[in-house]
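Single-letter residue listing:
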Protein chains: 2
Amino acid sequence: MERTFPEAAPSIAPVAAALADPSRAVMCTALMDGRAWTPGELATLCGIARSTATEHLHRLAEAGITVDVRQGKHRYVTLAGDQIAELLERLAAVSGHTLPTAPSLSASDRTRRFREGRTCYKHLAGRLGLHLTDALRSHGHLDEDWRLTGAGTAWAARHRLDLSEHRGKPCLDTTERRPHLAGPLGVSLCAALFAQRWISRIGDGRAVRLTPDGRGNLRDLLQLA
Amino acid sequence: MERTFPEAAPSIAPVAAALADPSRAVMCTALMDGRAWTPGELATLCGIARSTATEHLHRLAEAGITVDVRQGKHRYVTLAGDQIAELLERLAAVSGHTLPTAPSLSASDRTRRFREGRTCYKHLAGRLGLHLTDALRSHGHLDEDWRLTGAGTAWAARHRLDLSEHRGKPCLDTTERRPHLAGPLGVSLCAALFAQRWISRIGDGRAVRLTPDGRGNLRDLLQLA
DNA sequence: CGGATGGTTCGGTGGCCGCCGAACCGTTCG
DNA sequence: CGAACGGTTCGGCGGCCACCGAACCATCCG
């Protein structure tokens, strides 16, 4: 065949191709929780043979999308870095069928809605992440440029939340399709909430819930019923 | 075959697949200049038959990556929006082999280097875009958050540059691999420079050069020889 | 009108690649 | 040691799709 492209810079095609397969896409989506998965787990998740999963992981690693750590008889796979996570976010944003974005909630069912939370590459996402972001913003703890304000710093200190980072970035949520807090501040906040046990994981997935303790302490901020 | 994935959200695979083919990747890279291309031009660029190009464009349009306008016997294709352009930028950033970034230039050959400029989805890129960004920053016209400062506003007014937008965003250059000014401010600045005829296009491509007039007026800012 | 030009449609062909199962390797554990 | 288990390699199969050329349609122009 032999077609040569006009000195076509480092083409985007190889990386895109690595993400173009449904099985690999599911794997990457799973890896977005920032945790390490084994080939076997990913095979089960995708409903394919282990051997096939191995091949896919080979390809993802070659494209620089994943990295892995070997430990005993296990191999742990993770995304190669924030850069990759951001790429996947963009891709998801473009891929998503434009879902109608829920406008405003009645204060009553707000509590119930908060149960649906999850992590997205080490920061909070889902409704929990989204509404926490909104709440911080409306209380003046987060400014327009995704930075913690003076009031926000005071609030964190008052609650013994160790926020080493004050600068955040927006992240577009895959399902909610609205930006929520990410970046260093987002990661820092998520870690602090885990440390205080105000949130905890449900099972093995990305799902996260507010603990009773967290609910009590965040009641004012989130205006829960 | 019939594999069904675990209610796998709107998958990223279809969009990735649309970008996974070398020919389509070249097309998208070309479209990054923000201008309209015809199927014929793109076919020639990729070195494929017109019929094949038509098929590719079909697929890109289906994936929501391109949109087209019909006019007479021509069909003009463009990227579907900023969201797509940003996705492509990310993809290019991940794909790119990490080129060493030229550190500092001797003031003498700076002038020559400025010739290499181009547009990147309606803002300036290439060395010209990069150094213009650096110059604005070092003169205090652009702050850390990619916003025009007071000094920057004054500078623009002094030069009759109509900058309606003051908020910018970083954009990672495909070849230079360093962020340069994009976002509303970047687009606005690029338009203003064209309006003043301080920059102009070279031929049909994305290439842009500083005009003699532009060179004179920007001499101080850019510290040209 | 009739030729030229740009774009599209339609078979047909060849190669790539996702998939599997079987065999194999390495680690862990009884 | 031998069984169990996770992971990998390998051969083979089947479907998808990028590609082309030829025929066709539409617009523009002499």
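Rules and cut-offs
Residues numbered from 1 in each chain as written. Chains lettered and ligands numbered in written order. Predicted model: local features only at pLDDT ≥ 70, side-chain atom pairs only at ≥ 80, totals over all residues. Heavy atoms only, no water. Least-squares fit on C-alpha atoms with pLDDT ≥ 70 in both. Contact = heavy atoms within 4.5 Å. Salt bridge = Lys/Arg side-chain N within 4 Å of Asp/Glu carboxyl O. Buried < 20%, exposed > 50% of the residue type's maximum accessible area, 1.4 Å probe, protein only. Helix = DSSP H or I, 4+ residues; strand = E, 2+ residues; numbered from the N terminus. Pairing = 2+ DSSP bridges. Axes fitted to C-alpha atoms, helices over the stretch in contact; angles between N-to-C directions. Buried area = accessible area lost by both parts, 1.4 Å probe. Polar contact = N/O pair within 3.5 Å; in protein donor to acceptor, adjacent residues only side chain to side chain. Core = buried A, V, L, I, M, F, W, Y, C linked by side-chain atoms within 4.5 Å. Phe/Tyr/Trp six-rings, centres within 6.5 Å; stacked < 30°, edge-to-face > 60°. Lys NZ or Arg CZ within 6 Å of the ring centre and 35° of its normal.

(A) Spotlight on the relation of the copies chain B and chain A. With an RMSD of 0.2 Å, the operation that places chain B on chain A is a rotation of 179° combined with a shift of 0.0 Å along the axis. Here the transformation between the copies is reduced to the relation of a two-fold axis. Among all C-alpha atoms of chain B, that of Ala-16 of chain B lies closest to the rotation axis, at 2.6 Å. A share of 100% of interface residues in chain B that are also interface residues in chain A marks the association as one of identical surfaces.

(B) Just the pattern of salt bridges, in detail. Scanning the model with the defined rule gives 14 salt bridges over all chains in all. For Arg-75 of chain A, the salt bridge identified is with Asp-68 of chain A, shortest N-O distance 2.8 Å. The class for Asp-68 of chain A is partly exposed, based on a relative accessible area of 31%. Close ionic contact of Glu-86 of chain B with Arg-90 of chain A constitutes a salt bridge, the shortest N to O distance being 2.2 Å. One end of the pair, Glu-86 of chain B, is in helix 5 (residues 82-95); the other, Arg-90 of chain A, is in helix 5 (residues 82-95), on a second chain. For Arg-90 of chain A, a relative accessible area of 27% corresponds to the partly exposed category. Here the salt bridges share partners, and the residues they tie into one network are Asp-143, Asp-145, Arg-147 and Arg-167 of chain A together with Asp-143, Asp-145, Arg-147 and Arg-167 of chain B.

(C) Inspection of the sheet that holds strand 8 (residues 207-210) of chain B at higher detail. Residues and elements named next belong to chain B. Read across the open sheet, the four strands follow the order 4-3-8-7; overall the sheet is antiparallel. Each edge of the open sheet carries a strand with a single partner, namely strand 4 (123-125) and strand 7 (199-201). Strand-to-strand twist in this sheet, taken as the mean axis angle between neighbours without regard to direction, amounts to 40°. Inspection of the sheet shows strand 3 (residues 117-120) paired to strand 8 by two bridges, in the antiparallel sense. When the bridges of strand 8 are listed, Gly-117 appears paired with Val-208. Contacting strand 3, strand 4, strand 7 and strand 8, helix 7 (residues 126-138) runs over the sheet at an angle of about 105° to strand 4.

(D) Structural detail: the sheet that holds strand 8 (residues 207-210) of chain A. Residues and elements named next belong to chain A. The antiparallel open sheet is built from four strands, whose spatial order is 4-3-8-7. Two strands in the sheet have a free side with no partner beyond their single neighbour: strand 4 (123-125) and strand 7 (199-201). The average undirected angle you get between the axes of adjacent strands in this sheet is 40°. Sheet topology places strand 3 (residues 117-120) next to strand 4; three bridges connect them, and they run antiparallel. Bridging across to strand 4, Thr-119 finds its partner in Leu-124. Where helix 7 (residues 126-138) meets the sheet, its contacts fall on strand 3, strand 4, strand 7 and strand 8, and the angle it forms with strand 4 comes to roughly 105°.

(E) Quick peek at the interface of chain B and chain A. Every contact between the two is made by 39 residues of chain B and, on the other side, 39 residues of chain A. Approximately 3,600 Å² of surface area, both sides summed, lies buried where chain B meets chain A, with 67% of it carried by carbon and sulfur atoms. Where chain B touches chain A, the interface holds six salt bridges. For Asp-145 of chain A, the salt bridge is made with Arg-147 of chain B, and the minimal N-O distance between the two is 2.8 Å. Counting the contacts that link chain B with chain A gives six residue pairs in polar contact (both at pLDDT 80 or more). Top element by residues in the side of chain B that touches chain A is helix 5 of chain B. It accounts for 11 residues.

(F) Quick look at the nonpolar core. With 76 residues, the main nonpolar core has Leu-19, Ile-65 and Leu-79 of chain A together with Ile-65 and Leu-79 of chain B as its most contacted residues. If near-sequence neighbours (up to four positions away) are discounted, Ile-65 of chain B is found in contact with Val-15, Ala-18, Leu-19, Cys-28, Leu-60, Thr-78, Leu-79, Ala-80 and Ile-84 of chain B.

(G) Expanded view of the packing of aromatic side chains. In total, this model carries zero aromatic pairs over all chains according to the counting rule given. Of note, Arg-137 of chain A hangs over the ring of Trp-146 of chain A, and the distance from its end group to the ring centre comes to 4.5 Å.

(H) Region of the structure containing unusual backbone geometry. All names here are of chain A. Positive phi values are uncommon outside glycine, yet Arg-160 reaches one of about 60°. At Arg-197, a position not held by glycine, the phi torsion is positive, near 60°. Along the polypeptide, Arg-197 turns up in the loop between helix 9 (183-195) and strand 7.

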